[in-house]
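# Summary of the model geometry
The primary structure of each chain is shown beneath.
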Amino acid sequence: QVQLVESGGGLVQAGGSLRLSCAASGRSVSNYKMAWFRQAPGKEREIVSAISWSGMNTYYEDSVKGRFTISRDNAKNTVYLQMNSLKPEDTAVYYCAGDSARSGSRWYVPPYDYWGQGTQVTVSS
């Protein structure tokens, strides 16, 4: 019932910034954990960042720590990924995902039931 639509991808030079947005519709995602995944050509999809329903718990993959920030605005039913200091290695299709909240230390791990179609992020050298 939840539809997720990503936006904000595009071309950026190395060292630049982008902010991805994930707009949810069909159902409120205020009680969902949300995440951003990415998939580069020839590579498997990997989780980049996740945020709990409250926004108080976040997860970041090691390679993006200190550079990316995930946030959410439940009133707008939207999740964001602020990407700073972008590197060519960040080039990938970025996907928004959501699922019912789960407690525990592994709250952020897949599976996720709801997925967007992806938005391309390309970082030039």
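Refer to the preceding data block for the structure.
Now for a look at the structure at hand. These numbers were taken from a predicted model, which means no experiment stands behind them. (Residues numbered from 1 in each chain as written. Predicted model: local features only at pLDDT ≥ 70, side-chain atom pairs only at ≥ 80, totals over all residues. Heavy atoms only, no water.)

Two side chains carrying opposite charge are able to pair once their charged atoms lie near each other. Taken as a whole and assessed by the stated rule, the structure comprises four salt bridges. Close ionic contact of Asp 62 with Lys 65 constitutes a salt bridge, the shortest N to O distance being 3.1 Å. You can call Asp 62 exposed: its relative accessible area is 58%. (Salt bridge = Lys/Arg side-chain N within 4 Å of Asp/Glu carboxyl O. Buried < 20%, exposed > 50% of the residue type's maximum accessible area, 1.4 Å probe, protein only.)

The two faces of the sheet receive side chains in turn, since in a regular strand these alternate between them. Burial of strand 8 (residues 78–83) is extensive: five of the six residues sit out of reach of the surface. Note: strand 3 (residues 18–25) against strand 8, six bridges, orientation antiparallel. Bridging across to strand 8, Ser 21 finds its partner in Tyr 80. By the bridge criterion, six bridges tie strand 7 (residues 68–73) to strand 8 in an arrangement that is antiparallel. For Phe 68, the partnering residue across the bridge sits in strand 8 and is Met 83. The hairpin formed by strand 7 and strand 8 contains four residues between the paired strands, and Asn 77 there has a positive phi angle of roughly 55°. (Helix = DSSP H or I, 4+ residues; strand = E, 2+ residues; numbered from the N terminus. Pairing = 2+ DSSP bridges.)

Now for the side chain of Asn 77. With respect to the helices and strands, the residue Asn 77 is situated in the loop between strand 7 and strand 8. Not counting residues within four places of it along the chain, the set of residues in contact with Asn 77 comprises Cys 22, Ala 23, Ala 24, Ser 25, Arg 27, Ser 28, Val 29 and Ser 30. (Contact = heavy atoms within 4.5 Å.)

Inspection of the secondary structure assignment puts Pro 111 in the loop between strand 9 (92–100) and strand 10 (114–115). Note on Pro 111: relative accessible area 58%, which makes it exposed. Expressed as a C-alpha distance, the spacing of Pro 111 and Gln 13, which sit 98 residues apart in the sequence, is 33 Å. Residues in contact with Pro 111, not counting those within four places in the same chain, are Lys 33 and Asp 99.

The sheet built from four strands is open, its strands ordered 1-3-8-7 with antiparallel pairing. If you trace the sheet from one side to the other, it starts and ends with strand 1 (3–7) and strand 7, each paired once. For this sheet, the mean angle separating the axes of adjacent strands, direction not counted, is 15°. (Axes fitted to C-alpha atoms, helices over the stretch in contact; angles between N-to-C directions.)

Bringing the packing of aromatic side chains into the picture now. Within the structure shown, the criterion is met by six aromatic pairs. Ring geometry for Phe 37 versus Tyr 112: centroids 5.3 Å apart, planes at 80°, classification edge-to-face. Of this pair, Phe 37 sits in strand 4 (residues 32–39) while Tyr 112 sits in the loop between strand 9 and strand 10, and the two are 75 residues apart along the sequence. Assessed through its relative accessible area of 4%, Phe 37 is described here as buried. Residue classification places Tyr 112 among the buried positions, given a relative accessible area of 5%. Centroid distance Tyr 112 to Trp 115: 6.4 Å. Interplanar angle 75°. Geometry classified as edge-to-face. You can call Trp 115 partly exposed: its relative accessible area is 31%. Taken together, the ring pairs in this structure connect Phe 37, Tyr 112 and Trp 115 into an aromatic cluster. When the ring centre of Tyr 95 is taken as reference, the NZ or CZ atom of Arg 45 above it lies at 3.9 Å. When the ring centre of Trp 115 is taken as origin, the NZ or CZ atom of Arg 45, which lies over that ring, is 4.8 Å away. (Phe/Tyr/Trp six-rings, centres within 6.5 Å; stacked < 30°, edge-to-face > 60°. Lys NZ or Arg CZ within 6 Å of the ring centre and 35° of its normal.)

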